[in-house]
Amino acid sequence: MTDTFSSQRFSIAPMLDWTDRHCRYFHRQLSGDTLLYTEMVTTGAIIHGKGDYLAFSEDEHPVALQLGGSDPAALAQCAQLAETRGYDEINLNVGCPSDRVQNGRFGACLMGEAALVADCIKAMRDVVSIPVTVKTRIGIDDQDSYAFLCDFVGTVAQQGGCDTFIIHARKAWLSGLSPKENREIPPLDYPRVYQLKRDFPHLTMAINGGIKTLEEAKIHLQHMDGVMMGREAYQNPGILTQVDRELFGRDTPAVDPVAVVRSMYPYIEAELAKGTYLGHVTRHMLGLFQGIPGARQWRRYLSENAHKPGADVRVLEAALALVADKIPQEA
């Protein structure tokens, strides 16, 4: 049934230090249809770094790579590598406001250089067949008029050939606010994003920023092609168990969070065998039982025990014992 929907209908935002490959594998156990994004990876890390920054599990599909950079040739090289590795989409970060990102001339500061962004998108589209998309804000600093936003989208769409935009419904302050403050202080302006979709009806557009429930997502979907959820999906991942049914119309049974935890065991055991610490996986699972009696004990037990030497799936079983019998069963 997903064929009738945009691939962007519901996605989880790229979040630095959060949406790593362990997080994405876990989220995939909760929803089969949600589009998952990597953390932002810079072109420099991929081309010159010593680690494998493109690693992911085949079970994560559909999965998109978010790139940070502003050199068209480097972005094209990384996009080619990502397509070869099997990613389903490439996304260019034009929304991150951190100083480190600006110094590298990528992220939100690129909103002020629409022609360069168009060159970057075109360079990637010329060498890959998978979608190349842009995640951006509604403005930067004092460049926050609706005309500025329309000019940016129009230039990137026409000159770069970009047909999909994810719009964070806040502007970014490039100086004076931390990245965390930039996610919270600039006011949300959903109507402006709705207007953008009306003025560019031929483009696929998803909305991001401050979305906390699937009911809110449904309201946005009356105006937009897609919804991207960030912190709420990470901190309360149980919300993802309803996405396939509520937003994609799947006739699937309810997802049992206890079964989801146990479905992670083979993955965790394989990772432990490679030298991964249990806590690197379980840190993403702490919020799973939010709102259920025993959730605090679950979080505390995992937090206190997952980092101990030799910690394995028995830690998860012990943590489950604190919450499993308290979950209301559906009739």
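Residues numbered from 1 in each chain as written. Predicted model: local features only at pLDDT ≥ 70, side-chain atom pairs only at ≥ 80, totals over all residues. Heavy atoms only, no water.

1. Regarding the overall build of the chain
For the record, the criterion: Per the convention used, a helix needs a DSSP run of H or I reaching at least four residues, while a strand needs a run of E reaching at least two, with both numbered from the N terminus. To get the radius of gyration, use the C-alpha atoms; to get the globule rule, take the number of residues to the power 0.38 and multiply by 2.2 Å. Think of it in three bands: residues with accessible area under 20% of the maximum for their type are buried, residues over 50% are exposed, and the middle band is partly exposed, with areas taken using a 1.4 Å probe on protein chains only. Asp and Glu are treated as the negative residues and Lys and Arg as the positive ones, with His and the ends of the chain left uncounted. Note on charges: their place is set at NZ of Lys, CZ of Arg, CG of Asp or CD of Glu.
Broken down by element type, the chain carries 16 helices and 8 strands. The C-alpha atoms of the chain give a radius of gyration of 20 Å, which matches the 20 Å a tight globule of 331 residues would have. Seen along its three principal axes, the alpha-carbon backbone of the chain occupies a region of about 55 × 45 × 40 Å. Residues classed as buried in the chain amount to 55% of the 331 residues present. Seen as two clouds, the 33 positive and the 41 negative side-chain charges of the chain have centres 4 Å apart.

2. With respect to the pairing of strand β3 (residues 63-68)
Heads up, the rule is: Here, a strand pair is defined by DSSP locating no fewer than two bridges between the strands. By convention, a crossover is right-handed whenever its connection, traced from the first strand over the helix to the second and viewed with the strands pointing away, goes clockwise.
In terms of burial, β3 is largely enclosed, as 6 of its 6 residues are buried. Two elements, strand β2 (residues 35-42) and β3, share 5 bridges in a ladder whose sense is parallel. Opposite Y37, over in β3, you have A64 as the bridge partner. Assessed by its sense of winding, the connection that carries the chain from β2 through helix α2 (residues 43-48) to β3 is right-handed. Where β3 and strand β4 (residues 89-94) come together, 4 bridges link them in parallel fashion.

3. What about helix α1 (residues 21-30)?
For clarity, the cut-off: Here a polar contact is recorded for every N or O atom pair within 3.5 Å, except that within protein the pair must consist of a potential hydrogen donor and a potential acceptor, and residues adjacent in sequence are included only if both atoms are side-chain atoms.
Counting buried residues along α1, 8 of its 10 residues qualify, which places the element largely inside the surrounding structure. All of the buried residues in α1 are H22, C23, R24, Y25, F26, H27, R28 and L30. A side-chain oxygen of the first residue of α1 lies 3.2 Å from the backbone nitrogen of H22; this N-cap is D20.

4. A short note on the sheet that holds β4
Strands belonging to one sheet form pairs held by backbone hydrogen bonds; the direction of such a pair is parallel or antiparallel. Definition in use: As a rule, the C-alpha atoms of each element are fitted with a line to give its axis, helices using only the stretch in contact, and angles between N-to-C directions run from 0 to 180 degrees. A contact between two residues is defined here by any heavy atoms of the two lying within 4.5 Å.
Strand order around the closed barrel formed by 8 strands is β1-β2-β3-β4-β5-β6-β7-β8, with parallel pairing between neighbours. Strand-to-strand twist in this sheet, taken as the mean axis angle between neighbours without regard to direction, amounts to 25°. Note: strand β1 (residues 10-12) against strand β8 (residues 226-229), 3 bridges, orientation parallel. Looking at the pairing, F10 lines up with V227 of β8. Together, β6 (164-168) and β7 (204-208) form the strand contacts of helix α8 (residues 190-199), whose direction differs from that of β7 by roughly 175°.

5. Considerations on the pattern of salt bridges
Between side chains of opposite charge, a pair can form as their charged atoms come close. Condition: Should a side-chain nitrogen of Lys or Arg be within 4 Å of a carboxyl oxygen of Asp or Glu, the pair is scored as a salt bridge.
As enumerated under the stated definition, the model contains 16 salt bridges in all. Note that E184 and K180 form a salt bridge whose closest N and O atoms lie 3.3 Å from each other. With a shortest N-O distance of 3.5 Å, R192 and D189 are connected by a salt bridge. The class for D189 is partly exposed, based on a relative accessible area of 24%. Through salt bridges with shared partners, a single network forms among R21, E271 and K274.

6. What to know about the environment of M229
By secondary structure assignment, the location of M229 is in strand β8. For M229, a relative accessible area of 0% gives the class buried. Separated by 196 residues in the primary sequence, M229 and D33 place their C-alpha atoms 14 Å from one another. Discounting residues that sit within four places of it in the chain, M229 has contacts with F10, S11, I12, A13, I211, K212, T213, L214 and I239.

7. Comments concerning the UniProt feature "active site" (unreviewed entry) in the chain
The condition is simple: UniProt positions are given in the numbering used here, feature names are shortened, and annotations may be inferred rather than shown by experiment.
Annotation from UniProt places "active site" (unreviewed entry) at C96. By the secondary structure assignment, C96 is in the loop between β4 and α4 (99-103).

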